[in-house]
Amino acid sequence: MPFKRLLHHPRLLDALVALVAALGIYIFLGQVDTHYPVKHWLFWRYAAAWGISAFWSLALLTAGHRTLTAVRRRVLPIREQLVMSVAVGVLVFFLAMFVGGALKLYGSVYFVALPVLMIVAGARATSRYLMRIRRHVLAARRRTRSPMRLWARPLVVFGLLSLLAVYLPILLPENVSYDSRWYHMAIGEQYATAGGIFPYREGWFLGAYPHLSSYIYAWAFLRPAGSLFDHVELAAHLEFVLFLWTLAAVPALVRALLPRVRSPQTWVALFLFPGVLIYDSSLNGGADHIAAFWAIPVYLTLLRAWRDLTPVNAGWFAAMVAGALNTKYSAVAIVAGPLVGFGLRVLFSLLPQRGPSPWGRSWRTLAAAGSAIVVVLLVTLPHWGKNWVWYGDPVYPLLHGKLGIHPWSAEAARQFATMQTAAWRAPHTMEGLHESLKVLFTFSFIPHDWTTMHGVVPVLGSLFTLTMLFLPFIWRARIWGIYASTHLCVFVWFWVQHEDRYLQGLVPVMASGTAAVVVHLWRQRGSLARVAVAALVGLQVVWGGDIFFFPAHQMLGGSPLKALVDHLSSGFHGDYTQRVTTYGGYAEIRKHLKPSDVVLLHEDHIQLGIGVHTIQDSAGFQGGLYYTDLVSPAAFARKLAEYRATHVLWRSSSLQSTSISEDLVFYDFVARRTLESTVVSGYNLGRVPAAVSDERPFGDVVAFYGCRNNDDFAYSPGLYHLRDLNIIFLEHRTPSQVPQPFAPAPAHAKPDIDVDRADFVVINLGCHTGMTPRLEKAFVEIGHLKQLSYWVRTSAP
C-alpha cells in the first residue's frame, strides 16, 4: 500500500514524466542527427539572438524605469511609462557605450557587464512596478471580462501577418542595406574590433555623423563565441526589438490624443504604411527605424510639457529630441515640428497674463527653456564634443567655411560641394519653397526614391494624407496639433533631404494620428460613416498587400522571400557551412588580416565584414586623402604612415572613381610599390611599405584617347596635365566647363600619337583595341575604370 501511494505521489509522477520526455528527446535527436546534424540547426543561432535581445531589452527597461522614476518621482500611465522607460534606457545605454568606447573598454567582459549593471541598478524598482501592473491588469480583467470585439480580430491578424513580413527578411544577413554595410553597422564592427571608438584620420565624413545606432551594433559585435553571421543577426534583432517598442508606443500616443479612450489594437495602424515592407525602407540594419523609435517619445513628452511647462517636463522633452538627433542628422525632420510647438508654448507662457505671480510664471518658463537647451547640449555632447576634439568642427565638415577644421583641403571643399548638390534636396529658391508646400499634399502619392527600386509606385501609405480631410469633423486640439506638426516635419524633410526612406522616422506619428482619427470617427459616428471609413482603410490594406513580394531588394537581387526560402532550405542539401558564411569575399580577406591592421579601401563603399579599421578615399566623403596633392611616391607613403595604414585593398577594375587624375596616382603607387600583393576574392591586397625613398614627382602629362561617351567624362582626345582630369562622378559640367587638352589629338586618333610626351595613357577600350606593341614596351597597365584602361610609363621614350 505505501508503494502504491508512492506511485501516485504528484512530484514523483512529474519526475517520471520528465524522465520519459527526456528519453524521448534523446531518441528523437539521435535519429534526426543522422539526417541533419543538430549542431548545424539554424534555430540555435536565431534563438541565441532572441535570448540576447530579450536580455538587452530588459536592461533598457530596468535602467530606464529607475532613471525616469528617480527624476519624475512618480510614474506615468502604464503604456507611456513602459515606452518612456525603454527610451530613457536607450539613452543610458548609448552614453555608457560612448564612455566605454572612449576608455577602450570594449570586449567580451563589457558585453556582459554593461546590461548586467543596468539590470542590477533598476531591478528592484522595476520588479515592484511590474508586479503592480500585473495586479492591475488581473483586477481589470476580473471586472470587465470582455472578449476582443469581432471587428478587432481581423485587425490583429493583419498586424501579426505584417509583423511576420517585417521580421522574415532579417533572418538573412544579406538583408543588411547598402548604407549599413557602408557605415551604420560597419562602424559598429570596427569599434568592436578596435576595442573602442576612434577618429577617422582621413576625415571620413560619414564616420563623423551621429551614430547612436552604430553604438548599439557595436555592442552586438562584442558578443563572444560568435561568427560574423551571429554578430550581424544579433545587430538586426536589436533593431527589431526597438521596432517592437515603437509598435507598443502607438497606442500610448493615441491614448494621449484621445484621453480616456482605450484602443490597444491601434499598433496595427503602423502597417497601414506598407513602405516598411520594402527595401530600402524596411528593417535592414540601418538607422531610419532607430530614429523612428524616438518619434513617439518626443511627442509624448511634448504633450506633457505643453500641459505643464516645468523644467523637468522640458528636460525630458529635450532628452528625447537629443536621442533622435544622436541617431542621424536627417532626424531633424522628426523633431522640427515638436521643436516649433515647444517654442510656441514657451512664447505663449511669456506673454503678459492676468492673475497672481506673473513674474513667477515667467521665471519658471525661462527655467524650463533653459533646462531644455542644457539637456540637449549635454545629451548630444558625445557627438559634437568628440567631433570638435577630433576634427575641429562639432558637425564636421558642415562648418568648414567658418572653423579651421582638419583634415581639409581645397579639393575636399570642391568635391564636398559637388556631392551636396547631387543629394535629394529642394532648391533653396522660391521655386523650391513652392515645391516644398505642394509636397505636403502629394508626398504619399508621388515617390521620391531611386526608380531602380520600386519604380514610380507609391508605397509609403496615403491614409495620413486622406484622413486630413476628416479634421473639420473632429474638434480635438491635440489631433489638429499632431497633423500640423507632422506636416511641418514633412516640409523640413523635403527641404533638407527628401528621400522616401527618411519619412520612416515620421511614420509612427502618422500612424498614431491616423489611428486617432479613425477611432474617433468609429466611436462618434453612425453605421454609414463606419462602413465608409472601413472601406477607405481596407483599400489601403489591399493596395499594400503585395508590396512585400516586390523583387526590389537591391542587396538580395530580387525578392527577400525567395532568398529566405533558399537560405532556410539549404540544410536539406547539406550546405551547413556556406549558408552561415556571411559576405564570403570579405570573409576570405579578413583571414589575411589581424584585428590591429588598418586597411586603405579604395573606392569601395561597402566594408562590413572586413573586420578591421578601414580608411576611405571615396570622392566627396572625406576631407584629407586626395592623391593629386601627394607629389611623389615618398609623400604617398608618408601619408599612409600618418593614417597608420598597414594594407591597401583595391580592385584592378574600379566600379567608380574619385577622378581619373586621382586614379592614375593611386594605381601608379599600389601597382608598383606595395609589398606582398596578392589577389583575394577579386581584390588586390597589398602591404604598405614602411618607407619609400623615391622623392621624384609623379608624372604630369596624360595622353587620353576616348570615345566621347559617359565613361570618358566628356574629355576630348589629346594631352592633358594630370590635375585637369579631375571631374568626379555625379559632377555635371557643361561642355564649356570640361577641361580641354593642351595638345589636342584627332577625333579618331590611335593611342600611339604623341604618347612619347606622356607619363600616363588612358584608353577607352570601347573604341580602341588597346596599346600598340611599340608602346607596350614603354608602358605597363596598372588598372581599369569600367572601359577605361590606365597605363603608366616604365621606361624612357
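See above for the structure.
Residues numbered from 1 in each chain as written. Predicted model: local features only at pLDDT ≥ 70, side-chain atom pairs only at ≥ 80, totals over all residues. Heavy atoms only, no water.

Draft legend 1. The arrangement of the overall build of the protein chain in detail. Across its full length, the protein chain holds 27 helices and twelve strands. Each principal axis of the C-alpha distribution contributes one length, and for the protein chain these read about 100 × 85 × 50 Å. Expressed as a percentage of its 797 residues, the buried residues of the protein chain come to 56%. The contacts in the protein chain between residues at least 6 apart in sequence include a share of 72% that link residues at least 24 apart. As presented, the protein chain carries roughly 35,300 Å² of accessible surface, and 65% of it is formed by carbon and sulfur atoms. Charge centroids of the protein chain, computed over 68 positive and 47 negative side chains, lie 22 Å from each other. (Helix = DSSP H or I, 4+ residues; strand = E, 2+ residues; numbered from the N terminus. Buried < 20%, exposed > 50% of the residue type's maximum accessible area, 1.4 Å probe, protein only. Contact = heavy atoms within 4.5 Å. Areas by Shrake-Rupley, 256 points an atom, 1.4 Å probe, with all protein chains shown as cover. Lys, Arg positive; Asp, Glu negative; His and termini not counted. Charge placed at Lys NZ, Arg CZ, Asp CG, Glu CD.)

Draft legend 2. Geometry of the state of the cysteines. Per the stated rule, a full pass over the model turns up one disulfide. Disulfide pairing is shown between Cys707 and Cys767; the S-S distance is 1.8 Å. On the sign convention where negative is left-handed, the bridge of Cys707 and Cys767, at about -95° about the S-S bond, is left-handed. In this pair, Cys707 sits in the loop between strand 7 (701–705) and strand 8 (718–721) while Cys767 sits in the loop between strand 10 (760–764) and helix 27 (773–776), placing the two residues 60 residues apart along the sequence. (Disulfide = S-S within 2.5 Å.)

Draft legend 3. Quick look at the packing of helix 7 (residues 178–194) against helix 8 (residues 212–221). Relative orientation of the contacting elements helix 7 and helix 8 amounts to 50°, with a least axis distance of 7 Å. It follows that helix 7 is oblique to helix 8 by the angle criterion. Two packed elements cross with a definite hand, and for helix 7 against helix 8 that hand is right-handed. Contacts between helix 7 and helix 8 involve Tyr183, His184, Met185, Ile187, Gly188, Glu189, Tyr191 and Ala192 on the former and, on the latter, Ser213, Ser214, Tyr215, Tyr217, Ala218 and Phe221. When the residues that make up the contact of helix 7 with helix 8 are grouped by side-chain class, the tally is nine nonpolar, four polar and one charged. (Axes fitted to C-alpha atoms, helices over the stretch in contact; angles between N-to-C directions. Parallel < 35°, antiparallel > 145°, perpendicular 65-115°, else oblique. Left-handed = near helix turned anticlockwise from the far one by under 90°. Nonpolar A, V, L, I, M, F, W, Y, C, P; charged D, E, K, R; others polar.)

Draft legend 4. Expanded view of the pattern of salt bridges. Using the criterion set out here, one finds 22 salt bridges in the structure. Across the salt bridge formed by Asp308 and Arg364, the nearest N and O atoms sit 2.9 Å from each other. Residue Asp308 is found in the loop between helix 11 (295–307) and helix 12 (311–327), and its partner Arg364 is found in helix 14 (residues 358–379); the two are separated by 56 residues along the sequence. Asp308 sits in the partly exposed class, given a relative accessible area of 30%. One salt bridge in this structure joins Arg501 and Glu499, with 3.8 Å as the shortest N-O distance. (Salt bridge = Lys/Arg side-chain N within 4 Å of Asp/Glu carboxyl O.)

Draft legend 5. Highlighting the sheet that holds strand 7. Reading across from one edge, 4-11-12-10-7-8-9 is the order of the seven strands in this open sheet, with mixed pairing throughout. Here the strands that pair on one side only, and so sit at the sheet edges, are strand 4 (653–654) and strand 9 (743–744). Contacts between helix 26 (residues 660–673) and the sheet are confined to strand 4, strand 7, strand 10, strand 11 (779–785) and strand 12 (788–793), with strand 12 contributing the most and set at about 60° to the helix. (Pairing = 2+ DSSP bridges.)

Draft legend 6. Quick peek at a nonpolar patch on the surface. Judged by side-chain polarity, Trp306, Val340, Leu344, Leu347, Phe348 and Leu351 come together as a nonpolar surface patch covering roughly 540 Å² of accessible area. Element by element, the count of residues in the nonpolar patch is highest for helix 13 (residues 332–350), at four residues. With respect to the helices, strands and loops of the structure, Val340 is situated in helix 13. Among the residues examined, Val340 registers a relative accessible area of 42% and is labelled partly exposed. (Patch = residues over 30% accessible without salt bridge, like charges linked within 9 Å, V, L, I, M, F, W, Y side chains within 5 Å.)

Draft legend 7. Summary view of the pairing of strand 10. Among the five residues in strand 10, five count as buried, and that is most of the element. Residues of strand 10 alternate between two faces, with Phe760, Val762 and Asn764 on one and Val761 and Ile763 on the opposite face, all of them buried. Taken together, the four bridges between strand 7 and strand 10 define a ladder with parallel strand orientation. By the bridge assignment, Phe704 is partnered in strand 10 with Val762. Note: strand 10 against strand 12, five bridges, orientation antiparallel. The residue bridging Ile763 from the neighbouring strand is Ser789, located in strand 12.

Draft legend 8. Here's a closer look at helix 21 (residues 507–524). Between the first and last C-alpha of helix 21 there are 25 Å, a value that for 18 residues agrees with the 26 Å anticipated at 1.5 Å per step. Counting buried positions over the 18 residues of helix 21 gives 14, a clear majority of the element. (Expected span 1.5 Å × (residues − 1).)

Draft legend 9. Structural detail: the packing of helix 17 (residues 430–442) against helix 20 (residues 477–496). Viewed as axis vectors pointing N to C, helix 17 and helix 20 meet at an angle of 135°, and their least axial separation amounts to 9 Å. Of the possible angle classes, the one that applies to helix 17 and helix 20 is oblique. Helix 17 and helix 20 meet at a crossing whose hand is right-handed. Between helix 17 and helix 20, the residues in contact are Gly432, Leu433, Glu435, Ser436, Leu437, Val439 and Leu440 and His487, Val490, Phe491, Trp493, Phe494 and Trp495, respectively. Class assignment for the residues of the contact of helix 17 with helix 20 results in nine nonpolar, three polar and one charged.

Draft legend 10. Inspection of the side chain of Asn284 at higher detail. Its place among the elements puts Asn284 in the loop between helix 9 (228–257) and helix 10 (288–293). Overall, the relative accessible area of 5% leaves Asn284 in the buried class. From its side chain, Asn284 meets the backbone oxygen of Asp280 in a polar contact 3.4 Å long. (Polar contact = N/O pair within 3.5 Å; in protein donor to acceptor, adjacent residues only side chain to side chain.)

Draft legend 11. Molecular detail of the pairing of strand 8. In the sheet, strand 7 pairs with strand 8 via four bridges, with the strands oriented antiparallel. Across the sheet, residue Val702 finds its bridge partner in strand 8, namely Tyr720. With two bridges connecting them, strand 8 and strand 9 associate as antiparallel partners. Residue Gly718 lies in a different strand from strand 9, and its bridge partner there is Pro744.

Draft legend 12. A look at unusual backbone geometry. Residue Asp280 is reached from Tyr279 by a cis peptide bond, and omega for that bond is 5°. The topology assignment puts Asp280 in the loop between helix 9 and helix 10. Of note, the bond from His406 into Pro407 is cis; its omega dihedral lies within 30 degrees of zero at -5°. Turning to its location among the elements, Pro407 is positioned in the loop between helix 15 (381–391) and helix 16 (410–421). Backbone geometry places Ala225, a non-glycine residue, at a positive phi of 55°. Within the element layout of this structure, Ala225 appears in the loop between helix 8 and helix 9. Notably, Glu603 is not glycine yet its phi reads approximately 45°, a positive angle. Assignment of secondary structure puts Glu603 in the loop between strand 1 (598–601) and strand 2 (613–616). The buried category is assigned to Glu603, whose relative accessible area is 5%.

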